[in-house]
Amino acid sequence: MRGLVQFIADLRNARARELEEKRINKELANIRQKFKDGNLSGYHKKKYVCKLLYIYILGWNVDFGHLEAVNLISATKYSEKQIGYLAVTLFLHEQHELLHLVVNSIRKDLASHNELHNCLALHAIANVGGREMGEALSGDVHSLLISPCVFLALKAWHKLTLVARRNRLSRKRLP
């Protein structure tokens, strides 16, 4: 991803905040146009979502590209799926309207025989999932609890504990 490396280098070499902002706005316009044009390969979607993630981590507002991140979760290549899950966990929150689209992809990855896909899905549940997602996917996570793979069973138990603890804390905050 030479374009991503070059973009990061440009931002790090910017001597003033105005130059950094100008470069970020130029890149955001480019990414928005590429997404609007469509017909992007998985590699290019991944590269542009990585740029959006970097911009977001720097503290800039990223108000588009969330749907492309959700689409990356459905990819067959692990690197694309990984970036999609990372973007979803950073861009989306418990009440986000796109979260309903993610549930089916997470369910598919939980049912997969690929342990890496199982782990990505469990990670997303623990970091984004609220009560609704926990209830929708509890059966799928439970099937991993009784998995013959000890690593997956432990990871599933850990993620269930995190979700339960977060839900318990959010109920305590309510008046």
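Residues numbered from 1 in each chain as written. Predicted model: local features only at pLDDT ≥ 70, side-chain atom pairs only at ≥ 80, totals over all residues. Heavy atoms only, no water.

> Looking at this model, I keep getting lost on the nonpolar core. Mind explaining?
Side chains of nonpolar character tend, in soluble globular proteins, to be buried together. Grouped together as the largest cluster of nonpolar side chains are 46 residues, with contacts concentrated most on Val49, Leu52, Leu92, Ile106 and Leu110. Once residues lying within four places of it in the same chain are set aside, the contact partners of Val49 are Phe35, Glu68, Ala69, Leu72, Ile83 and Ala87. (Core = buried A, V, L, I, M, F, W, Y, C linked by side-chain atoms within 4.5 Å. Buried < 20%, exposed > 50% of the residue type's maximum accessible area, 1.4 Å probe, protein only. Contact = heavy atoms within 4.5 Å.)

> Got a minute to help me understand the pattern of salt bridges in this structure?
Across all of its chains, the model carries seven salt bridges by this definition. Its salt-bridge partner being Glu27, residue Arg23 comes within 2.8 Å of it at the nearest N-O pair. Taken together, the positions of Arg23 and Glu27, both in helix α2 (residues 17-37) and four residues apart, correspond to about one turn of that helix. Residue classification places Glu27 among the buried residues on the basis of a relative accessible area of 5%. (Salt bridge = Lys/Arg side-chain N within 4 Å of Asp/Glu carboxyl O. Helix = DSSP H or I, 4+ residues; strand = E, 2+ residues; numbered from the N terminus.)

> Sorry if this is basic, but what is going on with the packing of helix α5 (residues 78-91) against helix α7 (residues 115-127) here?
Two packed helices can be described by the angle between their axes and the distance between those axes. For the pair α5 and α7, the least separation of the axes is 10 Å and the interaxial angle reads 5°. In terms of their interaxial angle, α5 and α7 are classed as roughly parallel. Facing α5, whose interface residues are Tyr78, Lys81, Gln82, Tyr85 and Thr89, α7 presents Leu116, His117, Leu120, Ala121, His123, Ala124 and Asn127. (Axes fitted to C-alpha atoms, helices over the stretch in contact; angles between N-to-C directions. Parallel < 35°, antiparallel > 145°, perpendicular 65-115°, else oblique.)

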